[in-house]
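# Structural features, examined
So the chains spell out like this:
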Amino acid sequence: MSRHVASAHARLLAEQALSRAAGAPLLTGNHVELLIDAAAHYDAWLAAIHDARERVLLENYIIRNDAVGVAFRDALVECAQRGVFVAVVYDWLGCKGQSRDRFWAPLRAAGGQVRAFNPVQFGQPFGWISRDHRKLLVVDGVQGFLSGVCISEKWLGDAAKGIAPWRDTGVALRGPAVAELEHAFAESWSSIGTPLSPFATADAGDDAGNVALRVIATQPATAGMYRLDQLIAAMARKTLWLTDAYFIGVAPYVQALAAAARDGVDVRLLVPGSSDIPVVAGMSRAGYRPLLKAGIRVFEWNGSMLHAKTAVADGLWARVGSSNLNLSSWLGNREIDVAVEDTGFAQQLAEQYERDLENATEIVLAPGRWRRHADHVQSSAGRSARPRPIGGSSGRAAAGALRIANTVGAALTDRRVLGDTATAPLLIGTAVLSVLAVVAIFWPAIIGWPLAVLALWLALNFAARAWRLRRRFKRRAAELGNGE
């Protein structure tokens, strides 16, 4: 009996820790459907919008003026024309160059409401850093969707050019969790302007499902998702399989993953092999070595782009949403994720992870052999003999042959040796700084004028900010004086 009581107490403590870390309670009675890649998302999203009767709430980082974006806008226009309340939040920076304000003119004319999150504002010179990175749709307070998928043709690939669809993951929800999604949208909406009027509470349905989950709707500087990711890394006992589009490991999280791996947990990280943001991919690769040395297995996706953000631990817990494993998502952005505590869903996501690894190449790190404590890399196909110094053209030919062998070995074994990840960023930095130095010496005005304009802009913004804060302080002081 005492063992049973201890086990129940441990589960209670774990649930309490997860709730406090995420800042989100555990909600039972939900139905969750896994959505894989953009085509499945768009079909489900558009079907829900077409069937809407009361309200459609859409929040997305990128809504592009292309065939996909127009299809969604027109569906929203049709909803608004038949009396459905339509509200859209898009990120100003995310949609910069993707769609303009006039793209939304037909929806506004039909009675829909559209707001841009956090455009550049005078008096807030660094306010633009915080972004709305959510991908969220709620229909009639009954159906909810969250994902890593933006609204753009890019996610569908280009068959004519041989570009495969982007690999992305999301969920469709029914049940009490949908009200949390709606609340998250309402909070984003009110942060931009006049709040929404309260909605009539929709019938969540007693038989929506039997899945327990948490909706983690993070805001800048709240770090709820970061705390939860750290806690899961500490609690995992058998497996922790991560997929991330823009992984940039910060020391505390890398240490948490390394500690889990050293404790026998099967920790895996799947990241893009080729990224739509090459500089982030370079930063990600620069952090492979400490992961590999700790026993964490790292895989690179072989498709066009891996954009999913998922985690599955011990076949019991799973996370899907918009948050990447980097400081921008953890601390700077508005994000939304769902953490599911259900063995059926976790198993489904784990099976998808294993299918994804079939189209991935493992990165391996071999122990050094040439000097003490070195960590040189070598082919995973087997250890070569200790190299002898070779000079001249024969040395270059041998190096070329080794590169070809590496490539063939990777193709045959689905493994690739970790190369030199530190030299490239240093060389790029050297080139950029050298060019700037030459320009500054021979054409100082080219450097001076932009710096002067930037300094003037920041000075004006700081002055405006100081004036607003001082006026606010005087107003509060006056109100306190009148209160006395």
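Residues numbered from 1 in each chain as written. Predicted model: local features only at pLDDT ≥ 70, side-chain atom pairs only at ≥ 80, totals over all residues. Heavy atoms only, no water.

### Details of the overall build of the chain
The helix and strand tally for the chain stands at 14 helices and 16 strands. When burial is assessed residue by residue, the chain has 43% of its 484 residues classed as buried. Considering only contacts in the chain between residues 6 or more positions apart, those separated by 24 or more positions represent 81%. Put simply, the chain shows about 24,800 Å² of open surface, and 59% of that area lies on carbon and sulfur atoms. (Helix = DSSP H or I, 4+ residues; strand = E, 2+ residues; numbered from the N terminus. Buried < 20%, exposed > 50% of the residue type's maximum accessible area, 1.4 Å probe, protein only. Contact = heavy atoms within 4.5 Å. Areas by Shrake-Rupley, 256 points an atom, 1.4 Å probe, with all protein chains shown as cover.)

### Re the pairing of strand β11 (residues 297–301)
The buried fraction of β11 is high, at four of five residues. Bridge analysis of strand β10 (residues 266–272) against β11 gives five bridges, and the strand direction is parallel. Each bridged residue has a counterpart across the sheet, and for L269 the counterpart in β11 is V298. Two elements, β11 and strand β15 (residues 360–364), share four bridges in a ladder whose sense is antiparallel. Bridge pairing in β15 places W301 opposite A360. (Pairing = 2+ DSSP bridges.)

### Quick notes on the environment of N326
When you line up the elements, N326 lands in the loop between β13 (317–321) and α10 (327–332). Expressed as a C-alpha distance, the spacing of N326 and Y253, which sit 73 residues apart in the sequence, is 9.5 Å. Contact partners of N326, with chain neighbours within four places excluded, come to Y246 and I248. Of the polar contacts made by the side chain of N326, one reaches the backbone nitrogen of S328; its length is 3.2 Å. (Polar contact = N/O pair within 3.5 Å; in protein donor to acceptor, adjacent residues only side chain to side chain.)

### Here's the deal with the pattern of salt bridges
Enumeration over the complete set of coordinates arrives at 16 salt bridges. The closest approach of N and O atoms between R82 and E78, which form a salt bridge, is 2.8 Å. Overall, the relative accessible area of 32% leaves E78 in the partly exposed class. (Salt bridge = Lys/Arg side-chain N within 4 Å of Asp/Glu carboxyl O.)

### Side note on the nonpolar core
With 43 residues, the main nonpolar core has V56, I63, L76, V86, V88, W104 and L107 as its most contacted residues. Broken down by secondary-structure element, the contributors of at least two residues to this core are α2 (37–50), β2 (55–60), α3 (67–81), β3 (85–91) and β5 (135–139). For this core, the element with the most residues is α3, which contributes seven residues. The residues touching V86, leaving out its near neighbours within four places in the chain, are V56, L76, C79, A80, L107, G112 and Q113. Counting residues in hydrophobic clusters, the runner-up holds 40 residues, among them L27, L34, V340 and F345. (Core = buried A, V, L, I, M, F, W, Y, C linked by side-chain atoms within 4.5 Å.)

### Observations regarding helix α6 (residues 224–235)
Across its 12 residues, α6 extends 16 Å between first and last C-alpha, which sits within 8% of the 16 Å expected from 1.5 Å per residue. Those residues of α6 that fall on the buried side of the exposure criterion are G224, M225, Y226, L228, D229, Q230, I232 and A233. (Expected span 1.5 Å × (residues − 1).)

### With respect to the packing of aromatic side chains
The description of an aromatic ring pair rests on the distance of the ring centres and on the angle between the ring planes. For the structure shown, the criterion picks out 12 aromatic pairs. Between F442 and W443, the ring centres sit 6.0 Å apart and the planes meet at 55 degrees, which makes this aromatic pair tilted. Using a relative accessible area of 58% as the deciding quantity, one classes F442 as exposed. Taken together, Y42, W45 and F72 form an aromatic cluster joined through their ring pairs. Sitting over the ring of F103, R73 keeps its end group 4.9 Å from the ring centre. (Phe/Tyr/Trp six-rings, centres within 6.5 Å; stacked < 30°, edge-to-face > 60°. Lys NZ or Arg CZ within 6 Å of the ring centre and 35° of its normal.)

### Regarding the side chain of R131
Relative to the helices and strands, R131 is located in the loop between β4 (113–117) and β5. Apart from the residues lying within four places of it in its own chain, the contact partners of R131 are Y61, D91, W92, L93, F117, N118, G332, N333 and R334.

### Considerations on helix α8 (residues 278–286)
Of the positions making up α8, those classed as buried are V280, A281 and S284. All buried residues of α8 lie within an arc of 100 degrees about the axis, which places them on one face of the element. Summarising the geometry of α8, the exposed residues directed more than 90 degrees from the buried face are P278 and V279. Buried residues in α8 make contact with α9 (288–293). (Arc of directions from axis to C-beta.)

### A short note on unusual backbone geometry
What is expected of a backbone is that most residues other than glycine have negative phi and most peptide bonds are trans. The backbone phi angle of A223 is positive, close to 60 degrees, even though this residue is not glycine. Within the element layout of this structure, A223 appears in the loop between β8 (211–218) and α6. By relative accessible area, which is 11% here, A223 ends up buried.

### Points about a positive patch on the surface
A contiguous patch of positive charge, built from R465, R468, R471, R472, R475 and R476, is present on the exposed surface. Structurally, R471 can be placed in helix α14 (residues 444–483). The exposure class assigned to R471 is partly exposed, which follows from its relative accessible area of 42%. (Patch = residues over 30% accessible without salt bridge, like charges linked within 9 Å, V, L, I, M, F, W, Y side chains within 5 Å. Lys, Arg positive; Asp, Glu negative; His and termini not counted. Charge placed at Lys NZ, Arg CZ, Asp CG, Glu CD.)

### A word on the packing of α6 against helix α7 (residues 251–262)
Two elements in contact, α6 and α7, have axes separated by 9 Å at closest approach and are oriented at 20 degrees. The pairing of α6 with α7 is recorded here as roughly parallel in orientation. The handedness of the crossing between α6 and α7 comes out as left-handed. On the side of α6, the interface is formed by Y226, D229, Q230 and A233, while α7 contributes P252, Y253, A256, L257 and A260. Split into classes, the residues belonging to the contact of α6 with α7 amount to seven nonpolar, one polar and one charged. (Axes fitted to C-alpha atoms, helices over the stretch in contact; angles between N-to-C directions. Parallel < 35°, antiparallel > 145°, perpendicular 65-115°, else oblique. Left-handed = near helix turned anticlockwise from the far one by under 90°. Nonpolar A, V, L, I, M, F, W, Y, C, P; charged D, E, K, R; others polar.)

### A few points about the packing of α2 against α3
The N-to-C vectors of α2 and α3 enclose an angle of 15 degrees; their axes lie 9 Å apart at closest approach. Put simply, α2 runs roughly parallel to α3. Here α2 and α3 pass one another in a crossing that is left-handed. Contacts from Y42, W45, L46, I49 and H50 in α2 reach V68, A71, F72, A75, L76, E78 and C79 in α3. When grouped by side-chain class, the residues that make up the contact of α2 with α3 number 10 nonpolar, one polar and one charged.

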